[in-house]
Amino acid sequence: MIVIMSPQATESDIEQVQQLLADRGYGVHLSRGVERTIIGAIGALDEEKALVAEQLDVLPAVERVVAILKPYKLVSREARAERSAVPVGNVEVGVQKLAVMAGPCSVESEQQLMECAEGVKEGGAAILRGGAFKPRTSPYDFQGLGEEGLRLLVAARERTGLPIVTEVRDVRQVPLVNEHADLLQIGARNMHNSDLLKEVGGCDKPVLLKRGFAATIEEWLKAAEYIAAAGNLNIILCERGIRTFDTTLRYTFDLSAIPVAQAETHLPVIADPSHASGQSEYVAPLAMGAVAAGADGLMIEVHPQPERALSDGPQSLTPTAFAKLMQQLRSVAAAVGRSM
Ligand code: PEP
Ligand code: MN
């Protein structure tokens, strides 16, 4: 924590601050500049820093208190300088080779899922996605097949060998989803659900944490910290678009979130251009941008017949379009030192 004194601060003001810090047991380091004196408080306890900073701010001679206080600690770059790799079944996310998760928005039927799973595998996906418990905005929309959807995902994993990622929407579903899935997805609408975050933090499966569409990067990373603080450090972050004033597309893809989240945390960061754009024709350019920006992977919705999809058809690629995109992405990945 650093206390920046105002240019008008007198010797006794400076002493007052020094005394205040010393009384709390901090080591005090004084640095006198031409205009301002800066006081460093060393050894401040994390849980006290915010309160002490607030108290010091009350003093008129104090211009500003800079609390070197990352609200996210376990996931922060300070806690771990090297980037983390997260194991998902037999795949590692956060390594030189990018991990692409692809599949339908919702698991609809055995035939749809198997066709899709085989198609995305052929196209080069490493992980199969598919929603069983769907977080729909309207209660009248298709809500997913639930447990039956999980069973079909397990069958698709057996058939293709691809690990599976699926969303868990509620704390009550956690044991069931944890038992079947290789990667537990926390959706954008649940990013702020701290009870759910704590619950998946107690699981032995890795977690894919999507950014809430109205969440700042800091809020997103604090949500990741909930999972980490509950004991699970196998977290993958996913930028999936945010709400802005521009409503041309479904959301606004925040490309900058990728390098920022990578700078702030050691966690792998992937991008979801499907939900970000909401339209299949924009999935490829956003995917290429994400890979160029350093994303550790992608999540892409693929449906064998997008015109028949029960959810998110307009943003779904056909298996053929997906394979073509994967081909295009290979050269973008190579340009930034990654493979696909
Ligand atoms: C999804 O991936 O199926 C999904 C619903 O995404 P999001 O939570 O990002 O809207
Ligand atoms: Mn979807």
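Per chain, residues are indexed from 1 in the order of the written sequence. Lettering of chains starts at A and numbering of ligands starts at 1, both following the order in which they are written. Selection of residues for local features in this predicted model requires a pLDDT of at least 70, selection of side-chain atom pairs for listing and counting requires 80 or more, and totals for whole chains, interfaces and linings are taken over all residues. Side-chain calculation: all heavy atoms of the structure are included, whereas hydrogens and water are not.

Q: How should I be thinking about the pairing of strand S10 (residues 183–186) in this particular structure?
A: Remark: a regular strand shows side chains that alternate across the two faces of the sheet. Covered by surrounding structure in S10 are Leu183 and Gln185 together with Leu184 and Ile186, the residues of both alternating faces. By definition, two strands form a pair when at least two bridges between them are found by DSSP. Helix numbers and strand numbers start at the N terminus; a helix is a DSSP run of H or I with at least 4 residues, a strand a run of E with at least 2. Relative to S10, strand S9 (residues 164–167) is paired through 3 bridges, and the arrangement is parallel. Counted as the bridge partner of Thr166 is Leu184 from S10. For the handedness criterion, the β-α-β arrangement of S9, helix H5 (residues 174–180) and S10 is classed as right-handed. Bridging between S10 and strand S11 (residues 207–210) involves 3 bridges; their strand directions are parallel. Residue pairing across strands places Gln185 opposite Leu208, the latter belonging to S11. Once the chain exits S10 it traverses helix H6 (residues 194–201) before rejoining the sheet at S11, and the crossover so formed is right-handed. For every residue, the accessible area obtained with a 1.4 Å probe (protein chains only) is divided by the maximum for its type, and the residue is called buried under 20%, exposed over 50%, and partly exposed between those limits. For a crossover, the right-handed case is the one in which the path from the first strand over the helix to the second runs clockwise, viewed with the strands pointing away from the viewer.

Q: When you look at the site of ligand 1 in this model, what are you seeing that I'm missing?
A: When we say a residue is near a molecule or strand, we mean one of its heavy atoms is within 4 Å of it. In the vicinity of ligand 1, the contacting residues are Arg129, Lys134, Pro135, Glu167, Gln185, Gly187, Ala188, Arg189, Lys210, Arg240, His275 and Glu301. Contacts described as polar in this section are N or O atom pairs within 3.5 Å, which, within protein, must combine one atom able to donate a hydrogen with one able to accept it, while residues neighboring in sequence count only if both atoms come from side chains. In the environment of ligand 1, an oxygen atom lies 2.7 Å from a nitrogen or oxygen atom belonging to the side chain of Arg129. One of the side-chain N or O atoms of Gln185 is found 2.9 Å from an oxygen atom in ligand 1. Buriedness of a pocket was judged along seven lines, with at least five required to meet protein on both sides within 12 Å; pockets are open sets of points on a 1 Å grid over the protein atoms alone, cavities are sets where a 1.4 Å probe fits but cannot get out, and lining residues have an atom within 4 Å of a point. Put plainly, a molecule is in a cavity or pocket when over half of its atoms are within 2 Å of the grid points there. Here ligand 1 is seated within the largest pocket. All residues other than Ala, Val, Leu, Ile, Met, Phe, Trp, Tyr, Cys, Pro, Asp, Glu, Lys and Arg, Gly among them, are scored as polar; the first ten of these are nonpolar and the last four charged. The residue inventory of the shell around ligand 1, partitioned by class, reads 2 nonpolar, 3 polar and 7 charged.

Q: Just to check I follow, could you spell out the layout of surface pockets for this structure?
A: Using a probe with the size of a water molecule, rolled over the atoms, empty space left in the structure can be pinpointed. Grid points are joined across faces, edges and corners, and a volume is the space filled by probe spheres set on the points. The calculated volume of the largest pocket comes to roughly 230 Å³. Lining the largest pocket we find 17 residues, and of these Pro135, Arg189, Arg250, His275 and Asp312 sit closest to its centre.

Q: I'm lost on the pattern of salt bridges in this one. Help?
A: Pairing between side chains of opposite charge can happen when the charged atoms of each approach one another. Each salt bridge in this description consists of a side-chain nitrogen of Lys or Arg and a carboxyl oxygen of Asp or Glu lying within 4 Å of one another. One pass over the structure, following the stated rule, counts 13 salt bridges. For the salt bridge of Glu148 with Arg151, the shortest nitrogen-to-oxygen distance reads 3.0 Å. A residue pair is termed a helical-turn pair when its members lie 3 or 4 positions apart in one helix, as Glu148 and Arg151 do in helix H4 (residues 147–160) at 3 residues. You can call Glu148 partly exposed: its relative accessible area is 36%. Note on Arg151: relative accessible area 46%, which makes it partly exposed. Of the charged contacts in the structure, one is a salt bridge between Lys210 and Asp272, with a shortest N-O distance of 2.6 Å. Of the two residues, Lys210 is situated in strand S11 and Asp272 in the loop between strand S13 (269–271) and helix H9 (273–277); the sequence distance between them amounts to 62 residues.

Q: Looking at this structure, how should I read the packing of aromatic side chains?
A: Each aromatic ring pair is characterised by the separation of its centres together with the angle its planes make. The criterion for an aromatic pair is that two Phe, Tyr or Trp rings (for Trp, the six-membered ring) have centres within 6.5 Å, with stacked assigned to planes under 30 degrees apart, edge-to-face to planes over 60 apart and tilted to the rest. Within this structure, the stated rule accounts for 1 aromatic pair. For Arg243, the ring lying beneath its charged end belongs to Phe213, and the centroid distance is 4.7 Å. Whether a charge sits over a ring depends on NZ of Lys or CZ of Arg being within 6 Å of the ring centre and within 35 degrees of the ring normal.

Q: Mind showing me how you'd approach the sheet that holds strand S2 (residues 27–32) here?
A: Think of a sheet as strands paired side by side through backbone hydrogen bonds, with each pair either parallel or antiparallel. If you trace the 4 strands from one edge of the open sheet to the other, you get S2-S3-S1-S4, paired in antiparallel fashion. Both outer strands of the open sheet, S2 and strand S4 (62–66), are each paired with one neighbouring strand and no more. The sheet shows a mean angle of 20° between the axes of neighbouring strands, taken without regard to direction. As defined by bridge partners, strand S1 (residues 2–5) adjoins S4 across 4 bridges and the pair is classed as antiparallel. Directly across from Val3, in S4, lies its bridge partner Val65. Here, axes are lines fitted to C-alpha atoms. For helices the fit covers the stretch in contact, and angles between N-to-C directions go from 0 to 180 degrees.

Q: Can you walk me through the nonpolar core in this structure?
A: For soluble globular proteins, the rule of thumb is that nonpolar side chains tend to be buried together. Joining through side-chain atoms within 4.5 Å is the link that ties buried Ala, Val, Leu, Ile, Met, Phe, Trp, Tyr and Cys residues into a set, and such a set is a nonpolar core. Core analysis: the biggest nonpolar cluster contains 70 residues, and Leu128, Leu209, Trp220, Leu237 and Phe322 have the highest contact counts within it. Pairs of residues are marked as contacts when any of their non-hydrogen atoms sit within 4.5 Å. When sequence neighbours within four positions are dropped, the list of residues in contact with Leu237 reads Leu209, Trp220, Leu221, Ala224, Ala261, Thr265, Leu267, Pro268, Val269 and Ile270. Among the nonpolar cores identified, the runner-up in size contains 17 residues, and Met5, Ala53, Leu59 and Val65 belong to it.

Q: I'm lost on H6 in this one. Help?
A: It helps to recall that an α-helix has 3.6 residues per turn; residues three or four apart then point in one direction. Where H6 is concerned, the buried positions are Leu196, Leu197, Val200 and Gly201. Seen along its axis, H6 keeps its buried residues to an arc of 145°; they face one direction. Of the surrounding elements, those touching the buried residues of H6 are H5, S10, S11 and helix H7 (217–229). Of all possible arcs, the one meant is that of the directions from the helix axis to the C-beta atoms.

This is a description of form; function is not addressed.
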